[in-house]
Structure formats: C-alpha cells, structure tokens
Amino acid sequence: MKKFFIFLFIFLISCIPVFASTMLYQKVIISPISSGVTLKNYIRFTDSGWQNINVLEVNLEDKYTNLGLINSSNGVGTLQNLLTMANNADAIAAVNADFFQANYGRGNSVGLAVEDNEVISSAYYGNETKNEFATFAIDKNDSIYLDFFTNTITLTSQKTKESTTVGEINKYPRSFESIVIFTPTWGTHSHSSIENLPLTEMVVANNKVLEIRYNKEAVEIPENGYVVSSYGVGADFINNNFKVGTKVKLDVKFNIDIDNISLAVSGGAILVQDGIIPDSFASNITGNNPRTAIGCSKDESTVYLVTVDGRQKSSVGMTQTALAEFLKEIGVYNAINLDGGGSTTMVGRKLGDTALSVINYPSGGSLRSVINGVAVFNSAPASSKVTNLVIEVDDTNIFKGKERKVTVKGYNKYFNPIEIKQSDIKWSYDGVPVDVDDGIITGETVGMTMLTAKLGSAKATIEINILSDPYELSISPKKSTISSGKNVSYVTKAKNKNGYYSTLNNDELKWNIEEYYIDGEKQSNVPADANLKNGVFTATTSGDYIISISSGDIKSYALVTVSGKVKNIVYDFETQKYSFDPYPDEVGGDAVKSKEQVHSRKLLC
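Residues numbered from 1 in each chain as written. Predicted model: local features only at pLDDT ≥ 70, side-chain atom pairs only at ≥ 80, totals over all residues. Heavy atoms only, no water.

**Quick word on the overall build of the protein**
Where we set the bar: The way it works is that DSSP assigns letters per residue, a run of H or I at least four long becomes a helix, a run of E at least two long becomes a strand, and they are numbered from the N terminus. Partly exposed residues are those whose accessible area sits between 20% and 50% of the maximum for their type, while under 20% is buried and over 50% is exposed, using a 1.4 Å probe and protein chains only. Should any heavy atoms of two residues lie within 4.5 Å, those residues are considered in contact. Residue burial considers only the protein chains on display, and all accessible areas are found by Shrake-Rupley using a 1.4 Å probe.
Looking only at helices and strands, the protein has four helices and 51 strands in total. In the protein, buried positions account for 52% of the 605 residues. Taking as baseline every contact in the protein between residues at least 6 positions apart, the subset at least 24 positions apart corresponds to 65%. As displayed, the protein has an accessible area near 28400 Å², and 46% of this comes from carbon and sulfur atoms.

**Re helix α2 (residues 233-241)**
Rule in force here: Arc definition: it is the arc formed by the directions from the helix axis to the C-beta atoms.
Along α2, the residues that are buried comprise G234, A235, F237, I238 and N241. One side of α2 holds all its buried residues, which, seen down the axis, span an arc of 155 degrees. Opposite the packed face of α2, turned more than 90 degrees from it, sit the exposed residues V233 and N240. Of the surrounding secondary structure, the elements contacted by the buried residues of α2 are β13 (151-157), β14 (163-165), β17 (200-205), β18 (208-214) and β19 (225-230).

**Regarding the pattern of salt bridges**
Spelled out, the test is: Between Lys or Arg on one side and Asp or Glu on the other, a salt bridge is scored when a side-chain nitrogen of the former is within 4 Å of a carboxyl oxygen of the latter.
Within the structure shown, the criterion is met by 10 salt bridges. For E392, the salt bridge is made with K409, and the minimal N-O distance between the two is 3.2 Å. Within this pair, whereas E392 is found in strand β30 (residues 388-393), its partner K409 is found in strand β32 (residues 404-411), the two being separated by 17 residues in sequence. On the basis of relative accessibility, which here comes to 21%, the residue K409 falls in the partly exposed class. In this structure, the salt-bridge partner of K555 is E514, at a minimum N-O distance of 3.0 Å. In this pair, K555 sits in strand β49 (residues 554-562) while E514 sits in strand β44 (residues 510-518), placing the two residues 41 residues apart along the sequence.

**As for helix α3 (residues 320-329)**
Within the sequence span of α3, burial applies to Q320, A322, L323, A324, F326 and L327. With its phi angle positive at about 105 degrees, G331 sits one or two positions after the end of α3.

**A few points about the pairing of strand β7 (residues 100-103)**
Applicable threshold: Paired strands, as defined in this entry, are two strands with at least two bridges between them according to DSSP.
Examined bridge by bridge, β7 and strand β8 (residues 106-109) share four bridges and lie antiparallel to one another. In the strand pairing of β8, F100 is matched with S109. Connecting the antiparallel pair β7 and β8 is a turn made up of two residues, with Y104 showing a positive phi of about 50 degrees.

**Some thoughts on the sheet that holds β19**
Spatially, the five strands line up as an open sheet ordered β15-β16-β19-β17-β18, and their pairing is mixed. Edge positions in the sheet fall to β15 (168-169) and β18, since each of these pairs with one other strand and no more. As paired strands, β15 and strand β16 (residues 180-182) are joined by two bridges and run parallel to one another. Across the sheet, E168 pairs through a bridge with V180, a residue of β16.

**As for unusual backbone geometry**
Residues S476 and P477 are joined by a peptide bond in cis, for which omega reads 0 degrees. Relative to the assigned elements, P477 resides in the loop between β39 (472-476) and β40 (479-482). The backbone of D142 sits at a positive phi, close to 65 degrees, despite the residue not being glycine. With respect to the helices, strands and loops of the structure, D142 is situated in the loop between β11 (135-139) and β12 (144-147). In this structure, N170 takes a positive phi of about 55 degrees despite not being glycine. With respect to the secondary-structure elements, N170 resides in the loop between β15 and β16.

**Quick look at the sheet that holds strand β43 (residues 501-502)**
Taken in spatial order, the three strands line up as β39-β42-β43 in an open sheet, and their pairing is antiparallel. Unpaired on one side and paired on the other, β39 and β43 mark the two borders of the sheet. Where β39 and strand β42 (residues 491-495) come together, five bridges link them in antiparallel fashion. If you follow E472 over to β42, its bridge partner there is K495.

**A closer look at the nonpolar core**
Stated precisely, the cut-off is as follows: The nonpolar core is taken to be a set of buried Ala, Val, Leu, Ile, Met, Phe, Trp, Tyr and Cys residues, with the residues joined through side-chain atoms within 4.5 Å.
Within the largest apolar cluster, 46 residues are counted, with the highest numbers of intra-cluster contacts made by L67, F136, V303, L305 and V374. Other than its neighbours up to four places away in sequence, L305 contacts N54, V55, L56, V58, L67, V95, A293, I294, M346, V374 and V376. Judged by nonpolar contacts, the second largest core, of 26 residues, contains I153, F242, I256 and I261.

**Structural notes on a nonpolar patch on the surface**
The condition that has to hold: Patch members must show over 30% relative accessible area and no salt bridge, and they are joined within 9 Å when carrying like charges or within 5 Å when they are nonpolar side chains of Val, Leu, Ile, Met, Phe, Trp or Tyr.
Taken together, the side chains of L24, Y25 and W50 make up a nonpolar region of the molecular surface, amounting to roughly 320 Å² of accessible area. Looking at the element boundaries, W50 is found in strand β3 (residues 49-59). The partly exposed category is assigned to W50, whose relative accessible area is 36%.

**Side note on the packing of aromatic side chains**
Rules: Put simply, two rings from Phe, Tyr or Trp (the six-membered ring, in Trp's case) pair if the centres are within 6.5 Å, and we call them stacked under 30 degrees between planes, edge-to-face over 60, tilted for the rest. Throughout this description, the term charge over a ring refers to an Arg CZ or Lys NZ atom that lies within 6 Å of the ring centre and within 35 degrees of the ring normal.
Counted according to the given criterion, the structure contains 13 aromatic pairs. Taken together, a centroid distance of 5.9 Å and an interplanar angle of 75 degrees make the contact between F99 and F133 edge-to-face. One end of the pair, F99, is in the loop between β6 (93-96) and β7; the other, F133, is in the loop between β10 (118-121) and β11, and 34 residues separate them in sequence. On the basis of relative accessibility, which here comes to 1%, the residue F99 falls in the buried class. For F133, a relative accessible area of 3% gives the class buried. Within the aromatic cluster, the residues linked to one another by ring pairs are F99, Y124, Y125 and F133. Directly above the ring of Y125 sits R174, whose terminal nitrogen or CZ lies 3.8 Å from the centroid.

**Description of the environment of I138**
Tracing the sequence through the fold places I138 in strand β11. Separated by 124 residues in sequence, I138 and S262 have C-alpha atoms that sit 5.9 Å apart. Excluding residues within four positions of it along the chain, I138 makes contact with L67, S143, I144, I261, S262, L263 and V303.

**A word on the side chain of N337**
Position of N337 relative to the elements: it lies in strand β25 (residues 334-338). We classify N337 as buried; its relative accessible area is 2%. The contacts of N337, once residues within four sequence positions are left out, are F99, G267, G268, A269, L271, I285, R291, T292, Q320 and L323.

Below is the structure:
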C-alpha cells in the first residue's frame, strides 16, 4: 500500500563554538514591573563584545503574581508575535517559549505544553528513546520540575474494547498513519484532507462519536470534544472499531501528574540542574546567538525569565555554556534553554504605562511570530491613589532655546498604572532655570538642572542638561535605496562645540530635496512626486536624490536612490561639490523575501 506523509522539518542553528567570555564591564539597571516582578537589564562588555541581557525576576510568593502559558489567539496551531499574545492575554510581561515547527503561518510546538492541567500539546516524541527536549513545569503548589517528559496516549473503542496508540495531540504528525488528535485549543477546525492525503476524521463530543468523515475539508472541532485524524493503518482502526454513537475513551498518561500541573512548557537542553552545569547538553545550539531561558532559584520562590540579545553590534549573544554560567551567577539553580535566535523576545509593562512594550532588541529588527510564550500576570486590587511618578523625556540633553516634550506617568503601591492629568503636575527645578508649559520643556541658560514633578505626595526628579547651540548635524541613513513609491525615514542628531549630542525635533529642522540625478547627470528639476516631510522621503520617479537637513548655518546631507543601482555620492565640504562612484554589484534594493525564502526555515531559532 502506498504511504503518504507530511513532514515539517526541524533545523537547529549551528555555528562555530565560542568559549565563555571574560566580563570587563557591567552596568545593571533595576526597574519594578509589578508588586512581584522586577526587571533587571544587564549591559556588559566582554572580550567577545557587548551583551544586552534582560531578566524578569518573578516572585511566586507574591499573592498577586502568577505565571501562565500564552498562545496565538487564533489557536495553538497558528503563530503570532509575543506582544500580541501578551496583550490579548492581559499579561504584564512575557518571553517567547518553545521551539516550533512552522509553515505558512501555521505550526506547532516541538515539546509539551500544559495550562491549568490541560494538555495543549503532547510531549516531544523523541524523548521516548533519547533525552533531548526538556520541560519546565510548575504544579499547583508552586513546586518546580525539570525533566525530559514523555507521554502515552491511548484511544479505546468502548464497543469493541480495542485500543490504539495516538501519536500526537495538537501537532502536525510525523505521519498521519499515526493517529493525531486536535482539541479546541488547536483552533476552530481540524487539518483538512489535501492532495495525496485523504484523511479519515472522527468527530467526538462528550466521549461519543458524532461523525466519521473521509477525504473532506477541515471540520469544526467541538468545544466539548476533539477530532481524531488519520490515514492508512490509523484510518483502518477508526473504521473497524467506531461508528456514530460509539463511546470513546481517551487516556493520556505522563511520567508526571499532569492533573496537578498549572504550567508546563518545553524548550531544549537543561542548562543548570541542581546548581550544576551539565558536562554536555542534551541538545546544543552552538555559537554566540540570541537566547531565551527559564529557570528558578534553589528555594523555588523565584522564577527567572531571561533574554540575551545577539547578532548585533550592541549585543553579540551567548553560547549555551555562557548562558548557563550567567544563570548560575545571578542565582538560578535549575533552568532550561528556550527557543532563541530571531524568536528571542521579551515584552513588559513599564512603570506608569498601561500598554506593553518590547523590552529587548529582537535580532531580526522586528517581532517574529512564535508558537507560545510564558507570561506573567498580576491580580493586585485596583487603587486610584498615586504613590509614585515617572518622568519621561525623549532626550535629557536639550539645546538652548529648543523644545523637548515631557510626560509624567503615575502608578500605585502595587506598581499598577494610574491615569493622571498633566495639568495637575507641579514643576520645580534646582539649577539653571527651565520652563515647563503644556508638556514642553525649554531653557535659555546653558547648564544642568534637576527637574522635579510633584502630584500630591508623589514626586519624581530627572536631570536635564541645557546645551549650547548645535554646531554639527548628522542624518541617518546616509545612503539608502528604495523601490518606487516606498519611503525612507531619517533619524537626526546634533552636536555642540563641546561634543555633547542631542536630537532636534523634525519641525526644528529645515528639510530640503537639494538635487536630482539620473545616471550621475544632474537634472534641472526635481520630480513633482518626490516628497520630503517630517523626516520621511518618498518618490515614484527613479533616480538619485540629494536631501539635506539644516539648522541655521549648519547642514547635513543624505543620498536616496529610487529603484535603479545605488550611486555612492560624496559631498566635499571644501569644494561644495558632489562626486559619484558606483556601489558594488551586490548592493541591491529593498530586501523582499520570496515565499521560498520565508518558508525554507522550518524550525525557527
């Protein structure tokens, strides 16, 4: 008999091993998130480069704090970015979790996932023969377990008393000849029959068969049941032992008491076990990479959610060994490695904010859609009394006579945000005089001042530096290429004679399209469709555009190429002329990923 299979391949990033680094400098910034959660940002310089590490310390003894598993709002069989997951779940913080298989926006976690004793996805099948993907679990008494869990899933016909082993729950199986079960957490519908894969599906509700279907579109999954899908041998078992009305028994047995588990999430290797780093890891993603990990203290009162940024100049990442050593250093007694690479993400609610923010710097430059996350929840009672304030300003360096927007946010004794009226804030300063009017800071005297905001008994202070006039401007990116109709956004900075930097608001700068070139030849007119406003340039007509920003007598220039090949245009400040050199052939336009590129990476790290 001809067999058909669906495969979702697993790829692990493999890089050249790097030994543990020596720390040369460290700065730690500590910020409370809630009554039971603290964020610690470690900025380190090592002999391997800079490292940016974020650690959420979650106090399980805080009665208002608990952990939970979060998934895509479209079902665990789909992907979603962590920020959206956490916002939908009303979490106050979260990190990405398990490795996953994915294709065209759908997928499944590689390992075990449990939420409030409900099996979201079954354990990793490979653990039956070899310890490879470990799981971090917490029971209802906040006891913590790390192990390579396995499961046995059995489906029995109460009519014939015949049983068979189920391969997976809520996963794309290695082969549909091994029965797979889809529960309501998977999504609204089961996996449909496709070309060369005519599935037999058995719809079960209240432990009774409602329907047996063959080679049809996906069926809706009953809220109080599940759908059994198979092909070949598994389909024969369904047809030989069940019919509409047959009672069904589903047994799921683990080498842990799932009925007592409030949270379980899998990852890769155990990094630290009983305070010891293993001699070798069960699974090892080598090289300096972005990392995510979950661990706990020896007394199991604190859970640590950790992200390490990587593949960036500001943070080179870590090896698994270096990550394990760092975890031990900060007091982690047991820990596992979670999905890293471009998946590494931490989100959290900053003091005074009602919305979540991305805390780390994902290596891909944007949020990757992932399969699940570990989230932190807070149930502290509502309180409208403001106990503390936070002053937020984009840049504490302000050029003389220039404006800077300032916002004050409030929070209560549980660190939960409280909405306040900015007009109710009383301002004072200690140092050079500054003025705060309608949320705008200005100062005319060069020097430092301590600016204080006060609301009732709550107050906050921030250091403000009034700088002398800007002397030099810079604009980034200096050179860029865009497709017709696309845009490029610019970031500007200014420096005074003493070497101090600050930003200038877009409306404090003069923006201009200076000149327009085709194949290095200056054109008499700039195309009418070219537009430069508030730091954003767009045009539909191909060519090379010289743009400028200016403040008084100082200027800075940038080149943007619309379609065509990039030209390297250099401005000589002495001659006030431009020269052209072609870029290397490998410099192209917009990075547009094809479907083949996007989906060639199955298990994302």
